[in-house]
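# A structural walkthrough
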2 protein chains.
Amino acid sequence: MVLASGIMSKTVAVIGLGTMGAPMANNLLEAGWNVVVHNRTRSREEALAAQGATRADSPAAAAAAGIVLVCVSDTPDVEAVLVGDDGVADGIADGGLVIDCSTISPAATQRLAEVFAERGVGYVDAPVSGGSEGAIKGTLAVMCGGKDEDVTRARSVLEVIGGSVTHVGPVGAGQVTKAVNQVVISGTYQAVAEGVVLARKAGVDPTRVVEAIAGGAAGSWVLTNRAGNMIQDSYPLGFRVRLHRKDLGIALDTARNDGAVLPIAAYVAALEDALIAQGHGDEDMSALARIVRRTSGVGDGPMG
Amino acid sequence: MVLASGIMSKTVAVIGLGTMGAPMANNLLEAGWNVVVHNRTRSREEALAAQGATRADSPAAAAAAGIVLVCVSDTPDVEAVLVGDDGVADGIADGGLVIDCSTISPAATQRLAEVFAERGVGYVDAPVSGGSEGAIKGTLAVMCGGKDEDVTRARSVLEVIGGSVTHVGPVGAGQVTKAVNQVVISGTYQAVAEGVVLARKAGVDPTRVVEAIAGGAAGSWVLTNRAGNMIQDSYPLGFRVRLHRKDLGIALDTARNDGAVLPIAAYVAALEDALIAQGHGDEDMSALARIVRRTSGVGDGPMG
């Protein structure tokens, strides 16, 4: 494909056209990439095809693009797409590159990268944060693991879908970074929930307390951006409890395998299991405040 | 006392000349206040007297100043200074004002304020954060509780010792705000400690992980300013474990009295008790990472 500018456009396959993958593919199209798309539920390919993407019948067929970006839900999904029947490994040529933007197990990532290395194919794990809004705007934070030359090559794709692309270390380091991110936010959300509930129970306006402390050592993104949800008892998305719980499961599996003891993360995982069972899995994870409020006897609704 | 400018200088007594109170008194002197000082260990008054402060033999004697700023260690110390033998209550005249910059119990604060209200004396609780460095530079964050007119009057003093003065609510609200601050930082420190240990155990450079996530939803003052201590296994002050533990005790007492359930704060309190018993009470509270490192089998010293 030759663009009007005379520059040969590059080709990338995007496999997985969900909440995150579809806007990534769209942004790549808009940036002038030749985009091949494939999705397990094939009908999701249609909107992108209407915008100029080429449909592929299988991950193996999509892999002819040479560079393959995968964005699916969990470790087994990535394994099916990459090394399952008619998977990417069956169709990608020597010299190709796999970029996995899914959030999955760091250990599985290293095993998959070895499979592709045997075929002369590079591998970059590139999980993202920033949610569907960041995917649509192309402002995701991308955390990469891989060899220098592979990450350098992946940047031409990743800088279209992301606002920042950080190369953290070798293959798997991106997934570890995402896991650490989810562990750190676990305790931070819970700490903020405990703080606002204490303010309320002690009879002081939590909004004013948050304003008073947000600029100091207690300050965090969560305190500034999510304490309001907890005070209002309203948890619009945001970042879904069930997605954080899934990611936290990866972090806790990694911790278990590697011998790290993470009591706060494990405790928050238990609270999130309860929230999901109680029907709150699709709320923003600031809904952790529901449990602190309830255990402390704070009634439903905005804190006065 | 008449200043060169012809404006009558105002007088304030400062009781408690420790790490925080002494630099507060010094800053008030430098701002042109007539400062009366008293300290239980009288010799601590000498340096300030040499700079122009007037020594008082007792809290009651100091209270003749009319405005009394107290900065001592804990609830019993404030009670002794204010309502003990020869206390401020014995010496302060109708129309006076007590400003308590100590971090103490919100409930005790309300009881003390009632004692002074009966004497026609205003009361402002004004705990601070920002540590000894903030006290020396006059940049403390001051969280105030009290009646509007009392806080307005206290501002002339508090704006000398602090960089920000926030009026949160009625008497006790400043102490509640400080308690919430200590609860929020508890979970945030622990979350960051768990995160850096997970990175290390999973074989990824924690410093690069922190850099990658600090700008997003995991971002906090603690992550930016204290993860480095945890990675280096070096915990210079900062904010002492034993002082945070004392403040957290006030928060947990308040929670218990008011019916708030704060599991993360309670867990961190237990860890801090252990750190103190193990001889780490005078380290910065980022030393919480010592326990996460040990339970996870990370050796002493910098993480590679």
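About the thresholds
- Residues numbered from 1 in each chain as written.
- Chains lettered and ligands numbered in written order.
- Predicted model: local features only at pLDDT ≥ 70, side-chain atom pairs only at ≥ 80, totals over all residues.
- Heavy atoms only, no water.
- Helix = DSSP H or I, 4+ residues; strand = E, 2+ residues; numbered from the N terminus.
- Rg over C-alpha atoms; globule rule 2.2 N^0.38 Å.
- Buried < 20%, exposed > 50% of the residue type's maximum accessible area, 1.4 Å probe, protein only.
- Contact = heavy atoms within 4.5 Å.
- Areas by Shrake-Rupley, 256 points an atom, 1.4 Å probe, with all protein chains shown as cover.
- Lys, Arg positive; Asp, Glu negative; His and termini not counted.
- Charge placed at Lys NZ, Arg CZ, Asp CG, Glu CD.
- Buried area = accessible area lost by both parts, 1.4 Å probe.
- Salt bridge = Lys/Arg side-chain N within 4 Å of Asp/Glu carboxyl O.
- Polar contact = N/O pair within 3.5 Å; in protein donor to acceptor, adjacent residues only side chain to side chain.
- Pairing = 2+ DSSP bridges.
- Right-handed = clockwise from strand over helix to strand, strands pointing away.
- Least-squares fit on C-alpha atoms with pLDDT ≥ 70 in both.
- Expected span 1.5 Å × (residues − 1).
- Arc of directions from axis to C-beta.
- Phe/Tyr/Trp six-rings, centres within 6.5 Å; stacked < 30°, edge-to-face > 60°.
- Domains from an automatic or database assignment.
- Nonpolar A, V, L, I, M, F, W, Y, C, P; charged D, E, K, R; others polar.
- Axes fitted to C-alpha atoms, helices over the stretch in contact; angles between N-to-C directions.
- Parallel < 35°, antiparallel > 145°, perpendicular 65-115°, else oblique.
- pLDDT = per-residue confidence, 0-100.

What follows covers the overall build of chain A. Scanning chain A for helices and strands turns up 14 helices and nine strands. In terms of C-alpha radius of gyration, chain A reaches 21 Å, essentially the compact-globule figure of 19 Å for 304 residues. Here chain A, with 304 residues, has 58% of them falling under the buried criterion. Within chain A, contacts between residues separated by at least 24 positions form 65% of all contacts whose residues are at least 6 apart in sequence. Approximately 11,400 Å² of chain A is accessible, and the part contributed by carbon and sulfur atoms is 50%. Averaging the positions of the 24 positive and the 33 negative side-chain charges in chain A gives two centres separated by 6 Å.

Right, let's get into the interface of chain A and chain B. Of the residues lining the interface, 52 residues belong to chain A; the matching set on chain B comes to 52 residues. Together chain A and chain B conceal approximately 4,400 Å² of surface at their shared face, both sides included; 72% is due to carbon and sulfur atoms. When the buried surface of chain A facing chain B is broken down by residue, E194(A), L198(A) and I264(A) rank first, second and third, together holding 14% of it. Where chain A packs against chain B, one counts zero salt bridges. Inspection of the region where chain A meets chain B yields 12 residue pairs in polar contact (both at pLDDT 80 or more). Sorting the residues of the side of chain A that touches chain B by element identifies β9 (162-169), α9 (173-201), α10 (206-213), α11 (221-232), α12 (241-258), α13 (263-277) and α14 (288-295) of chain A as the ones contributing at least two each.

With that out of the way, let us pick up the pairing of strand β6 (residues 122-125) of chain B. Residue and element names in this part refer to chain B. Here β6 shows no split at all, with G122 and V124 on one side and Y123 and D125 on the other all buried. Examined bridge by bridge, strand β5 (residues 97-100) and β6 share four bridges and lie parallel to one another. Note on β6: the bridge partner recorded for D100 is D125. The parallel pair β5 and β6 is bridged by helix α6 (residues 106-118), and the resulting crossover is right-handed.

This part takes up the relation of the copies chain A and chain B. Mapping between the two copies of the chain is achieved by a rotation about an axis and a shift along the axis. In the superposition of chain A on chain B (RMSD 0.1 Å, axial shift 0.0 Å), the rotation amounts to 180°. Such a combination of rotation and displacement between the chain copies is what one expects of a two-fold axis. Using C-alpha coordinates, one finds that chain A approaches the rotation axis most closely at S220(A), a distance of 1.9 Å. Of the residues that chain A buries at the interface, 100% are likewise interface residues in chain B, meaning the two copies contact each other through the same surface.

With that out of the way, let us pick up the environment of A53(B). All names here are of chain B. Among the structural elements, A53 can be located in the loop between α2 (46-50) and β3 (54-55). With relative accessibility at 9%, the residue A53 sits in the buried group. Setting aside residues no more than four positions away along its own chain, A53 makes contact with L29, V35, V37 and L48.

Okay, helix α13 (residues 263-277) of chain B next. Because the α-helix completes a turn every 3.6 residues, residues three or four places apart line up on one side. Over its 15 residues, α13(B) runs 21 Å from end to end, which matches the ideal 21 Å to within 8%, given 1.5 Å per residue. Within the span of α13(B), buried status applies to I264(B), A265(B), V268(B), A269(B), L271(B), E272(B) and L275(B). Across the axial projection of α13(B), the buried residues extend over an arc of 165°, all falling on one side. Where α13(B) is buried, its residues touch α9 and α13 of chain A together with α9 (173-201), α12 (241-258) and α14 (288-295) of chain B. Once α13(B) ends, the next one or two residues include G279(B), with phi positive near 90°.

Residue and element names in this part refer to chain B. Look at helix α11 (residues 221-232): 18 Å from first C-alpha to last across 12 residues, which is about the 16 Å you get at 1.5 Å a residue. Every buried residue belonging to α11 is among V222, L223, R226, A227, N229, M230 and I231, and all of these are buried. Contacts made by the buried residues of α11 are with α9, α10 (206-213) and α14. Among the residues trailing α11, D233 stands out with phi positive, at a value near 60°.

Residue and element names in this part refer to chain A. Throughout the structure, instances matching the rule amount to two aromatic pairs over all chains. Ring geometry for F116 and Y123: centres 6.1 Å apart, planes at 40°, overall tilted. A relative accessible area of 3% places Y123 in the buried class.

Turning our eyes to something else, we now look at the domain arrangement of chain A. All names here are of chain A. Here chain A is described as being made up of domain 1 (11-170) and domain 2 (176-295). Computed from C-alpha atoms alone, the centre-to-centre distance between domain 1 and domain 2 is 30 Å. Each partner contributes to the interface: domain 1 provides 10 residues, whereas domain 2 provides seven residues. Counting each side, the surface lost to burial between domain 1 and domain 2 is near 790 Å², with a carbon and sulfur contribution of 67%. Three residues, T103, P106 and M143, lead the burial of domain 1 against domain 2; their summed loss comes to 56% of the area buried on that side. Scanning the region where domain 1 abuts domain 2 turns up zero salt bridges. Counting across the domain 1 and domain 2 interface gives four residue pairs in polar contact (both at pLDDT 80 or more). Residue composition of the side of domain 1 that touches domain 2, grouped by class: six nonpolar, three polar and one charged.

Right, let's talk about the packing of helix α1 (residues 21-30) of chain A against helix α8 (residues 148-161) of chain A for a bit. Residue and element names in this part refer to chain A. Two elements in contact, α1 and α8, have axes separated by 9 Å at closest approach and are oriented at 110°. As far as their axial angle goes, α8 and α1 are roughly perpendicular. Residues M24, N27 and L28 of α1 pack against V157, V160 and I161 of α8. Looking at the contact of α1 with α8, its residues break down into five nonpolar, one polar and no charged.

Glancing now at the confidence of the model for chain A. Reading fine detail from the predicted coordinates is not recommended where pLDDT is low. Residue and element names in this part refer to chain A. This prediction gives chain A a mean pLDDT of 95; 97% of its residues lie at or above 70. For the stretch residues 1-7, pLDDT sits under 50, and the model shows seven contacts to residues farther than four places along the chain or on other chains. Here the complex is predicted with pTM 0.94, and the ipTM for its interfaces comes to 0.94.

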